[in-house]
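# Tertiary structure, described
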Amino acid sequence: MTQSTRDIAIFVSIMLLLTVATQLLYLTTLSGVGIVDGWPLRSTIWTAEILLFTGITIASLVGLVRCSNMHWGWAALMVAGLTNMIQSGIGLSMFLPAAKAGADFTPLMNMVLAGSFLFYNLAKAILGLAAFIFGLSLFRKDKTIDHVVGLVSVLVGVTAITLNIAAVHLGLGSVPFSGASGAVATFFAGCAIWLSARRVK
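Here goes a summary of the coordinates provided. None of the values given here were measured: they were computed from a predicted structure.

Thresholds, definitions, all that
Residues numbered from 1 in each chain as written. Predicted model: local features only at pLDDT ≥ 70, side-chain atom pairs only at ≥ 80, totals over all residues. Heavy atoms only, no water. Phe/Tyr/Trp six-rings, centres within 6.5 Å; stacked < 30°, edge-to-face > 60°. Helix = DSSP H or I, 4+ residues; strand = E, 2+ residues; numbered from the N terminus. Buried < 20%, exposed > 50% of the residue type's maximum accessible area, 1.4 Å probe, protein only. Salt bridge = Lys/Arg side-chain N within 4 Å of Asp/Glu carboxyl O. Axes fitted to C-alpha atoms, helices over the stretch in contact; angles between N-to-C directions. Left-handed = near helix turned anticlockwise from the far one by under 90°. Contact = heavy atoms within 4.5 Å.

This part covers the packing of aromatic side chains. Going through the model one piece at a time under the given rule, you end up with 6 aromatic pairs. Centre to centre, the rings of W46 and F95 are 5.3 Å apart; their planes meet at 85°, and the pair counts as edge-to-face. In this pair, W46 sits in helix α2 (residues 39–66) while F95 sits in helix α3 (residues 71–100), placing the two residues 49 residues apart along the sequence. Here the two residues W46 and F95 agree in accessibility, since each one is buried. A ring pair is formed by W74 and F134, whose centres lie 5.5 Å apart and whose planes are at 80°; its orientation type is edge-to-face. With W74 in helix α3 and F134 in helix α4 (residues 106–139), this pair connects stretches of sequence that are 60 residues apart.

Note that V200 resides in the segment after α6 (178–198). Owing to a relative accessible area of 13%, V200 belongs among the buried residues under this scheme. Expressed as a C-alpha distance, the spacing of V200 and T22, which sit 178 residues apart in the sequence, is 29 Å.

For side chains bearing opposite charge, pairing can occur when the charged atoms are close. By the definition in use, this model includes 1 salt bridge. With a shortest N-O distance of 4.0 Å, D7 and R6 are connected by a salt bridge.

Bringing unusual backbone geometry into the picture now. If you check the backbone angles, F177 has positive phi at about 70° while not being a glycine. Assignment of secondary structure puts F177 in the loop between α5 (144–170) and α6. When its relative accessible area of 66% is taken as the criterion, F177 is described as exposed.

A separate point is the packing of α4 against α6. The N-to-C vectors of α4 and α6 enclose an angle of 35°; their axes lie 8 Å apart at closest approach. Crossing of α4 over α6 shows left-handed handedness. Taken together, the residues of α6 that come into contact with α4 (itself represented by Y120, N121, K124, L127, G128, A131, F134, G135 and L138) are S178, G179, G182, A183, A185, T186, A189, A192, I193, L195 and S196.

By themselves, these observations are geometric and do not establish any function.
Below you can see the structure in the form of structure tokens.
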């Protein structure tokens, strides 16, 4: 991490942590709620997530250009942001019309869900890669807290990569805890990036 990317890193880390917060809000308020019934809040959360991931994508592109020693990490964040934008866009533009189409169009709804979750799991796998890369970089620092957060970030990153690649291959709902592992990896990626940026003088 360099001085030229410090502010970008702090911005991205905050955006990542906010995406975890939106996912927790989604789970606590909309689990078991139908698409049509929960659409006002659901669409609001997804709109917020698109904006957050757009910010992550743009800032990560700048970080990729400026930081010569963390290209893989910034590239992973940029691609993850783009993939999440596609996933949230599918939800915002297709879920409500497909749900309102009725029982005769259930196969269509299932197809839209499967496509959305493919991008969801792919994005989580890439965020796992980012957690691994930034965690490994942080683990090499001197302070104990850096070693601990860095090691945990590496471990949860590998877990998220493994589970979510399996979910991409096997399909919707086939791999338990794949999405949760990605959310945990996102959290620790944010923490690792934040701590790395704070160490820059």
